[in-house]
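Chains, contacts and geometry: an overview
If you want the building blocks of each chain, they are given just below.
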Amino acid sequence: MAPLPDLPRAGLTPSPESEKPVLCIAGRSFLDEAAAALFAQILEKHGMGAKVGPAGALTAGRISSLSAEGVRLVCLSYFDADLSTPGARFAVRRLRRRLGEVKIPAGFWQNDPGEPSELCAATKADFCATRFKEALAFCLHEAVEEAKGRADKTGAKAAANSFAGAAES
(Lines give C-alpha, C1' and ligand atoms only; values in the text may rest on other atoms or scores of the structure.)
Protein backbone atom coordinates (compact mmCIF):
# COMPACT_ATOMS: atom_id res chain seq x y z
CA MET A 1 0.00 0.00 0.00
CA ALA A 2 1.54 3.32 -1.07
CA PRO A 3 1.36 6.35 1.23
CA LEU A 4 -1.55 8.66 0.55
CA PRO A 5 -0.61 11.73 -1.51
CA ASP A 6 -0.04 15.21 -0.04
CA LEU A 7 0.27 14.01 3.53
CA PRO A 8 3.60 14.18 5.32
CA ARG A 9 5.09 11.29 7.21
CA ALA A 10 5.17 11.68 10.98
CA GLY A 11 8.95 11.52 10.77
CA LEU A 12 9.10 8.41 12.88
CA THR A 13 10.82 5.12 12.20
CA PRO A 14 8.75 1.94 12.44
CA SER A 15 7.95 1.47 16.10
CA PRO A 16 8.55 -1.53 18.29
CA GLU A 17 5.41 -2.84 20.03
CA SER A 18 6.23 -0.75 23.12
CA GLU A 19 6.15 2.50 21.08
CA LYS A 20 2.71 2.48 19.50
CA PRO A 21 1.16 5.89 20.30
CA VAL A 22 -2.07 5.18 18.38
CA LEU A 23 -4.60 2.57 19.42
CA CYS A 24 -7.23 1.79 16.78
CA ILE A 25 -10.27 0.17 18.38
CA ALA A 26 -13.07 -1.51 16.49
CA GLY A 27 -16.51 -0.16 17.32
CA ARG A 28 -18.66 -3.29 17.45
CA SER A 29 -18.21 -5.79 14.66
CA PHE A 30 -15.60 -7.70 12.71
CA LEU A 31 -16.07 -5.22 9.84
CA ASP A 32 -15.20 -2.44 12.28
CA GLU A 33 -12.14 -4.45 13.31
CA ALA A 34 -11.06 -4.86 9.67
CA ALA A 35 -11.39 -1.10 9.13
CA ALA A 36 -9.41 -0.42 12.35
CA ALA A 37 -6.64 -2.77 11.14
CA LEU A 38 -6.58 -1.07 7.75
CA PHE A 39 -6.34 2.37 9.36
CA ALA A 40 -3.54 1.16 11.68
CA GLN A 41 -1.66 -0.06 8.62
CA ILE A 42 -2.10 3.33 6.92
CA LEU A 43 -0.75 5.04 10.04
CA GLU A 44 2.26 2.70 10.10
CA LYS A 45 2.97 3.50 6.43
CA HIS A 46 3.11 7.17 7.40
CA GLY A 47 5.49 6.60 10.29
CA MET A 48 3.09 6.44 13.23
CA GLY A 49 3.17 3.37 15.43
CA ALA A 50 -0.31 1.88 15.77
CA LYS A 51 -1.92 -1.20 17.26
CA VAL A 52 -5.44 -2.60 16.95
CA GLY A 53 -7.97 -3.31 19.67
CA PRO A 54 -10.59 -5.93 18.82
CA ALA A 55 -14.34 -5.52 18.60
CA GLY A 56 -15.66 -5.71 22.14
CA ALA A 57 -12.55 -4.14 23.74
CA LEU A 58 -14.73 -1.40 25.20
CA THR A 59 -17.20 -3.63 27.04
CA ALA A 60 -17.45 -3.19 30.79
CA GLY A 61 -15.60 -6.45 31.42
CA ARG A 62 -12.73 -5.79 29.01
CA ILE A 63 -12.01 -2.06 29.15
CA SER A 64 -10.13 -2.39 32.45
CA SER A 65 -7.64 -4.72 30.76
CA LEU A 66 -7.16 -2.40 27.79
CA SER A 67 -3.42 -1.91 27.30
CA ALA A 68 -2.96 1.82 26.86
CA GLU A 69 0.63 2.34 27.97
CA GLY A 70 2.23 4.99 25.76
CA VAL A 71 -1.02 5.59 23.86
CA ARG A 72 -1.69 9.22 22.95
CA LEU A 73 -4.54 8.78 20.46
CA VAL A 74 -7.38 6.26 20.46
CA CYS A 75 -9.06 5.99 17.07
CA LEU A 76 -12.51 4.44 17.13
CA SER A 77 -13.48 2.70 13.92
CA TYR A 78 -17.06 2.15 12.75
CA PHE A 79 -17.76 0.58 9.36
CA ASP A 80 -21.24 -0.78 10.02
CA ALA A 81 -24.05 0.97 8.21
CA ASP A 82 -26.26 0.53 11.31
CA LEU A 83 -24.19 2.83 13.50
CA SER A 84 -25.59 3.39 16.94
CA THR A 85 -24.62 6.96 17.82
CA PRO A 86 -25.48 6.43 21.51
CA GLY A 87 -23.22 3.35 21.47
CA ALA A 88 -20.34 5.39 20.02
CA ARG A 89 -20.95 8.16 22.58
CA PHE A 90 -20.87 5.55 25.36
CA ALA A 91 -17.55 4.19 23.99
CA VAL A 92 -16.03 7.69 24.00
CA ARG A 93 -17.24 8.27 27.57
CA ARG A 94 -15.74 4.95 28.76
CA LEU A 95 -12.42 5.75 27.09
CA ARG A 96 -12.29 9.21 28.68
CA ARG A 97 -12.91 7.70 32.12
CA ARG A 98 -10.23 5.06 31.58
CA LEU A 99 -7.58 7.13 29.76
CA GLY A 100 -8.18 10.73 30.81
CA GLU A 101 -6.74 13.33 28.44
CA VAL A 102 -6.05 11.06 25.45
CA LYS A 103 -7.52 12.47 22.23
CA ILE A 104 -10.22 10.34 20.63
CA PRO A 105 -10.82 10.64 16.90
CA ALA A 106 -13.57 8.48 15.43
CA GLY A 107 -13.89 7.11 11.91
CA PHE A 108 -17.39 6.54 10.56
CA TRP A 109 -16.27 5.01 7.27
CA GLN A 110 -19.62 4.46 5.52
CA ASN A 111 -21.26 7.78 6.26
CA ASP A 112 -21.74 10.74 3.95
CA PRO A 113 -18.83 13.20 3.89
CA GLY A 114 -21.04 16.00 5.25
CA GLU A 115 -21.90 14.21 8.49
CA PRO A 116 -18.68 14.36 10.60
CA SER A 117 -19.63 17.52 12.52
CA GLU A 118 -23.02 16.06 13.43
CA LEU A 119 -21.38 12.79 14.48
CA CYS A 120 -18.78 14.59 16.59
CA ALA A 121 -21.46 16.59 18.34
CA ALA A 122 -23.48 13.44 18.99
CA THR A 123 -20.58 11.24 20.15
CA LYS A 124 -18.35 13.84 21.87
CA ALA A 125 -15.27 12.54 20.00
CA ASP A 126 -12.40 15.00 19.49
CA PHE A 127 -12.51 14.58 15.71
CA CYS A 128 -14.71 12.63 13.30
CA ALA A 129 -13.89 11.50 9.80
CA THR A 130 -15.62 9.62 7.03
CA ARG A 131 -12.44 9.11 5.00
CA PHE A 132 -9.13 7.54 6.01
CA LYS A 133 -7.25 10.54 4.60
CA GLU A 134 -9.09 12.93 6.95
CA ALA A 135 -8.37 10.76 9.99
CA LEU A 136 -4.73 10.35 8.94
CA ALA A 137 -4.32 14.11 8.57
CA PHE A 138 -5.70 14.60 12.10
CA CYS A 139 -3.36 11.98 13.58
CA LEU A 140 -0.32 13.42 11.77
CA HIS A 141 -1.24 16.92 12.94
CA GLU A 142 -1.49 15.69 16.53
CA ALA A 143 1.93 13.99 16.22
CA VAL A 144 3.50 17.20 14.92
CA GLU A 145 1.89 19.28 17.69
CA GLU A 146 3.10 16.84 20.33
CA ALA A 147 6.62 16.90 18.90
CA LYS A 148 6.56 20.72 18.99
CA GLY A 149 5.41 20.61 22.61
CA ARG A 150 8.25 18.26 23.54
CA ALA A 151 10.75 20.48 21.69
CA ASP A 152 9.43 23.57 23.49
CA LYS A 153 9.72 21.83 26.86
CA THR A 154 13.25 20.62 26.06
CA GLY A 155 14.24 24.10 24.91
CA ALA A 156 12.71 25.69 28.01
CA LYS A 157 14.48 23.19 30.26
CA ALA A 158 17.82 23.86 28.51
CA ALA A 159 17.27 27.62 28.84
CA ALA A 160 16.41 27.24 32.53
CA ASN A 161 19.52 25.13 33.12
CA SER A 162 21.62 27.67 31.23
CA PHE A 163 20.07 30.51 33.26
CA ALA A 164 20.68 28.62 36.51
CA GLY A 165 24.31 27.96 35.52
CA ALA A 166 24.81 31.66 34.70
CA ALA A 167 23.22 32.70 37.98
CA GLU A 168 25.63 30.48 39.95
CA SER A 169 28.73 32.06 38.37
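Remember, it's a predicted structure, so these values are computed and weren't measured experimentally.

So, the nonpolar core
The biggest cluster of nonpolar side chains holds 24 residues, and the ones touching the most others in it are Ile25, Leu58, Leu66, Val74, Leu76 and Leu95. Broken down by secondary-structure element, the contributors of at least two residues to this core are strand 1 (22-26), strand 3 (73-78), helix 2 (85-99), strand 4 (105-108) and helix 3 (116-123). If you tally residues by element for this core, the top one is helix 2, at 5 residues. Apart from the residues within four sequence positions on either side, Leu66 is in contact with Leu23, Ile25, Ala57, Leu58, Leu95 and Arg98. Residues Leu73, Leu136, Leu140 and Ala143 belong to the second largest nonpolar core, which totals 20 residues.

Some points on the sheet that holds strand 1
The strand order across the open sheet built from 5 strands is 2-1-3-4-5, with neighbouring strands paired in parallel fashion. One side of each edge strand has no neighbouring strand; the edge strands of this open sheet are strand 2 (50-53) and strand 5 (127-129). Recorded for the sheet is a direction-independent mean angle of 20° between the axes of neighbouring strands. Summarising the sheet, strand 4 and strand 5 pair through 3 bridges and their orientation is parallel. Looking across to strand 5, one finds that Ala106 is bridged to Cys128. Here helix 1 (residues 30-45) sits on the sheet in contact with strand 1, strand 2 and strand 3, set at roughly 160° to strand 1. Across the face of the sheet, helix 3 comes into contact with strand 4 and strand 5 while running at roughly 135° to strand 5.

Some thoughts on the packing of aromatic side chains
A complete count under the given rule lists 5 aromatic pairs for this structure. Here the aromatic rings of Phe39 and Trp109 are separated by 5.9 Å at their centres, their planes lie at 40°, and the arrangement is tilted. Taken together, the residues Phe39 in helix 1 and Trp109 in the loop between strand 4 and helix 3 connect sequence positions 70 residues apart. Here Phe127 and Phe138 contribute two aromatic rings whose centre-to-centre distance is 4.6 Å and whose plane-to-plane angle is 5°, an arrangement assigned as stacked. With Phe127 in strand 5 and Phe138 in helix 4 (residues 132-168), this residue pair connects regions lying 11 residues apart in the sequence. Residue classification places Phe127 among the partly exposed positions, given a relative accessible area of 25%. By the ring-pair criterion, three or more aromatic residues cluster together here, those being Phe39, Trp109 and Phe132.

Thresholds, definitions, all that
Residues numbered from 1 in each chain as written. Predicted model: local features only at pLDDT ≥ 70, side-chain atom pairs only at ≥ 80, totals over all residues. Heavy atoms only, no water. Core = buried A, V, L, I, M, F, W, Y, C linked by side-chain atoms within 4.5 Å. Buried < 20%, exposed > 50% of the residue type's maximum accessible area, 1.4 Å probe, protein only. Helix = DSSP H or I, 4+ residues; strand = E, 2+ residues; numbered from the N terminus. Contact = heavy atoms within 4.5 Å. Pairing = 2+ DSSP bridges. Axes fitted to C-alpha atoms, helices over the stretch in contact; angles between N-to-C directions. Phe/Tyr/Trp six-rings, centres within 6.5 Å; stacked < 30°, edge-to-face > 60°.

Distances and angles like these do not, on their own, reveal function.
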